[in-house]
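Summary of structural features
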Amino acid sequence: DQQVKQNSPSLSVQEGRISILNCDYTNSMFDYFLWYKKYPAEGPTFLISISSIKDKNEDGRFTVFLNKSAKHLSLHIVPSQPGDSAVYFCAARGNSGSARQLTFGSGTQLTVLP
Amino acid sequence: EAGVAQSPRYKIIEKRQSVAFWCNPISGHATLYWYQQILGQGPKLLIQFQNNGVVDDSQLPKDRFSAERLKGVDSTLKIQPAKLEDSAVYLCASSPGLGNQPQHFGDGTRLSIL
């Protein structure tokens, strides 16, 4: 049972344009959401997070949007740069029971074309 | 600030052999996690420590996997005996505490079982 789903395994975007990565979750106990970026042969690097009390969080070129009613979050990267090419993982956790574990999606490979 | 250190980076063993991985978290981080990442999937939590105590080991295959963090600092994960399906990247992560704080990952150990 995949509680966090990233339905697009890959995404290609032109340099300078917007990249939008999507993530859906099923567990209504999740209240804290994170995005990680991973380069080959390296560990995931924390990018940005959002608590369920907010619907938007922004950090430079990166913005995360949370739609609690739809159980959907997205990561926007504007403008996209070739160095953003990596696998992006969405992750979620809650405060009780098994939801306290950080649960990851399967990742989306972003390729930014120069 | 030094990041999460893991060793070895790569390990190749035959099935039924044993193997051990080491992790040194970020200095001062009380919480340490071990994840298994199978190719094409997101990381999956195996075990979580708070200082030298186990918080969650519900997804650890305890018949073959063991982990310890005796002094509440570095940690060792062991597999004995290894099976073919254990081929994966083993990631260690740490965070300051149990709250909504990002986990910081090491670069992982890539394990191949022949």
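To keep things clear, this report deals only with the structure shown in the data block.

Cut-offs and rules
Residues numbered from 1 in each chain as written. Chains lettered and ligands numbered in written order. Predicted model: local features only at pLDDT ≥ 70, side-chain atom pairs only at ≥ 80, totals over all residues. Heavy atoms only, no water. Pairing = 2+ DSSP bridges. Helix = DSSP H or I, 4+ residues; strand = E, 2+ residues; numbered from the N terminus. Patch = residues over 30% accessible without salt bridge, like charges linked within 9 Å, V, L, I, M, F, W, Y side chains within 5 Å. Areas by Shrake-Rupley, 256 points an atom, 1.4 Å probe, with all protein chains shown as cover. Salt bridge = Lys/Arg side-chain N within 4 Å of Asp/Glu carboxyl O. Buried < 20%, exposed > 50% of the residue type's maximum accessible area, 1.4 Å probe, protein only. Contact = heavy atoms within 4.5 Å. Buried area = accessible area lost by both parts, 1.4 Å probe. Polar contact = N/O pair within 3.5 Å; in protein donor to acceptor, adjacent residues only side chain to side chain. Nonpolar A, V, L, I, M, F, W, Y, C, P; charged D, E, K, R; others polar. Axes fitted to C-alpha atoms, helices over the stretch in contact; angles between N-to-C directions.

**Observations concerning the sheet that holds strand E6 (residues 56-59) of chain A**
All names here are of chain A.
- Read across the sheet, five strands follow the order E1-E3-E8-E7-E6 without closing on themselves; strand pairing throughout is antiparallel. The sheet is open, and its two edges are formed by strand E1 (4-5) and E6, each paired on a single side.
- When E6 meets strand E7 (residues 62-67), the two strands line up antiparallel, connected through four bridges. Among the inter-strand pairings, Asp 59 is bridged to a residue of E7, identified as Phe 62.

**Brief notes about a nonpolar patch on the surface**
All names here are of chain A.
- A contiguous nonpolar patch, built from Ile 18, Ile 20 and Val 78 and spanning about 220 Å² of accessible area, is present on the exposed surface.
- Note on placement: Ile 18 falls in the loop between strand E2 (10-14) and strand E3 (19-25).
- Residue Ile 18 is classed as partly exposed on the basis of its relative accessible area, which comes to 41%.

**Structural notes on the pairing of strand E11 (residues 109-113) of chain B**
Residues and elements named next belong to chain B.
- A one-sided burial pattern is seen for E11, the buried positions being Thr 109, Leu 111 and Ile 113 and the unburied ones Arg 110 and Ser 112.
- Pairing between strand E2 (residues 10-13) and E11: four bridges, direction parallel. If you follow Ile 13 over to E11, its bridge partner there is Ile 113.
- Across three bridges, strand E9 (residues 88-95) lies against E11 in antiparallel orientation. Pairing of Ala 88 across the sheet is with Leu 111, part of E11.

**Remarks on the interface of chain B and chain A**
- Contact residues are listed per partner, giving 22 residues for chain B and 17 residues for chain A.
- Between chain B and chain A, a total of about 1,500 Å² is buried, with carbon and sulfur atoms accounting for 50% of that surface.
- Taken together, the links from chain B to chain A amount to zero salt bridges.
- There are seven residue pairs in polar contact (both at pLDDT 80 or more) connecting chain B and chain A.
- Considered class by class, the residues forming the side of chain B that touches chain A number eight nonpolar, 11 polar and three charged.

**Observations concerning the sheet that holds strand E3 (residues 19-24) of chain B**
Residues and elements named next belong to chain B.
- Strand order in the open sheet made by the four strands is E1-E3-E8-E7, with antiparallel pairing throughout. A strand with exactly one partner marks an edge of an open sheet, and here the two such strands are strand E1 (5-7) and strand E7 (65-68). Strand-to-strand twist of the sheet, defined as the mean angle between neighbouring strand axes without regard to direction, takes the value 15°.
- Sheet topology places E7 next to strand E8 (residues 75-79); four bridges connect them, and they run antiparallel. In the strand pairing of E8, Phe 65 is matched with Ile 79.

**Focus on unusual backbone geometry**
- In this model, Val 78 of chain A is joined to Pro 79 of chain A through a cis peptide bond whose omega is -10°.
- Mapped onto the fold, Pro 79 of chain A is located in the loop between strand E8 (72-77) and strand E9 (86-94).
- In this model, Gln 80 of chain B is joined to Pro 81 of chain B through a cis peptide bond whose omega is -5°.
- Phi is positive for Ala 41 of chain A, close to 65°, though the residue is something other than glycine.
- For Ala 41 of chain A, the location among the structural elements is in the loop between strand E4 (30-38) and strand E5 (45-51).

**Brief notes about the environment of Leu 45 of chain B**
- Following the sequence through the fold, Leu 45 of chain B ends up in strand E5 (residues 44-50).
- In this structure, the C-alpha to C-alpha distance between Leu 45 of chain B and His 104 of chain B, residues 59 residues apart in sequence, is 14 Å.
- Aside from chain neighbours lying at most four places away, what touches Leu 45 of chain B is Gln 101 of chain A together with Tyr 33, Trp 34, Tyr 35, Asp 56 and Gln 59 of chain B.

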